[in-house]
Amino acid sequence: MSIPGSWYLVLAAVLFSIGAIGLLVRRNVLVMFMCIELMLNAANLTFVTFSRVLHDIGGQAAVFFVLVVAAAEVVIGLGIVVAIFRRRTNTTADDLHSLKG
Amino acid sequence: MSPAMLATSITIPDLITFIVAGAFVLGGAIGVVTSRNSVHAALSLVLTLFGVAVLFVAQHADFLAAVQVIVYAGAIVVLFLFVIMFLGVDRQEDIESEPLRGQRPLALVLIAIALGSLIALFVNANWVTGARSATGSTAGGGHTNVYLLGKSVFTTYLFAFEATAALLVIAVVGAVVLARRPSGGLLDEPDAEAESDEEPAPEAGSDAVSADDELEPDGDPATRQEVPR
């Protein structure tokens, strides 16, 4: 008997929480992006765990599509970061106040 | 069946694998959140991704583990490192200062509440409930994991698969459009205009060139900090 699914679910929940804390606390846009990746990985781990426990391959197919979407999201997100911040001196999210009234 | 009943029959190699990979995952995640250098955060992210790949293997998701290593650790992290290097590797974030007062304790409290309620929800729902699939098993039945996943993707989820093709094309076009070099200098560099006023006027037509030169943000010694080796 292998590790029960509940352990994986708790681990994924903790990983998601760490990613969410980083997203809320950090100011560097690139590190915030990495925290989003952490949260996506936590969701992937949950999908795979449910896939194993419920004997359903659909969970792994969902992870496959999450991977594709994550790759596209990173490409576009980093493109936006480069487009914004290559004309600025630092990469913190607090500098994006151009629309402040 | 309760988790306690399942936990009595865990084999030692499975337990060691889970503990080591889980320590990699959580340690890397904490490293991403707490490291002040972006490159260190990216390397901690690699640690987390490899740990997740090991956990995928432990759950018989072999193909996804390979894709995890290739796509995430091989492509996405390298893309992160490219952007970090492009924007300036010696920028360090001042993680001691807190622009919004009380934001960090509030964030910690909110996430702790969310995590606690999530785990309470899991416990209340007996962790994993639902009908077990009779046909789409993740392994076994004489078929490998890659066979089953490929069959699922190309039959049940064929439309979604085609949609991801369109998504990737759109992402490529968007990246090309976003990566074009804009005209103009730094937006928040107050010294740029003053310098151009003091200097003798350069020859006409060199505005674009000088703007490109000012893209390198390391000229200001105030924003430049030495990376501790």
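Here the residue numbering is sequential within each chain, running from 1 through the sequence in written order. By the order in which they are written, chains take letters starting at A while ligands take numbers starting at 1. Local features in this predicted model are restricted to residues whose pLDDT is 70 or higher, and side-chain atom pairs enter the listing and the counts only when it is 80 or higher, whereas totals over whole chains, interfaces and linings include all residues.

Enquirer: Tell me what's going on with the interface of chain A and chain B, and back it up with residues and numbers.
Expert: With 74 residues of chain A at the interface, the matching set in chain B holds 81 residues. Within the residue set of the side of chain A that touches chain B, elements represented by two or more residues are α1 (5-25), α2 (29-53) and α3 (58-85) of chain A. Labels follow the DSSP assignment, with helices taken as runs of H or I lasting at least four residues and strands as runs of E lasting at least two, numbered in each case from the N terminus. Broken down by element, the residue count for the side of chain A that touches chain B peaks at 21 residues, all from α3 of chain A. Polarity classes work like this: nonpolar for Ala, Val, Leu, Ile, Met, Phe, Trp, Tyr, Cys and Pro, charged for Asp, Glu, Lys and Arg, and polar for all others, with Gly in that last group. Of the residues assigned to the side of chain A that touches chain B, the class counts are 45 nonpolar, 19 polar and ten charged. Once C-beta atoms are placed from the backbone, any two residues with those atoms within 7 Å are in contact.

Enquirer: Please provide a residue-by-residue account of the nonpolar core, values included.
Expert: Core membership is restricted to buried Ala, Val, Leu, Ile, Met, Phe, Trp, Tyr and Cys residues, and these are joined into a nonpolar core through C-beta atoms within 7 Å. Counts of 20 or more other C-beta atoms within 10 Å of a residue's own C-beta define buried residues, counts of 12 or fewer define exposed ones, and intermediate counts define partly exposed ones; C-beta atoms are placed from the backbone. Ranked by size, the top nonpolar core spans 67 residues in total, and within it Ala12, Leu15 and Met34 of chain A together with Val32 of chain B carry the most contacts. The leading source of residues in this core is α2 of chain A, at 14 residues. Not counting chain neighbours up to four residues away, the residues in contact with Ala12 of chain A comprise Ala42, Leu45, Thr46 and Thr49 of chain A.

Enquirer: Account for the environment of Thr17 of chain B, with residues named and values stated.
Expert: All names here are of chain B. Relative to the elements of secondary structure, Thr17 occurs in helix α2 (residues 12-34). Taking the C-alpha atoms as reference, Thr17 lies 8.0 Å from Val54; in sequence the two are 37 residues apart. Not counting chain neighbours up to four residues away, the residues in contact with Thr17 comprise Val54 and Ala58.

Purely spatial values, then, with no claim about function.
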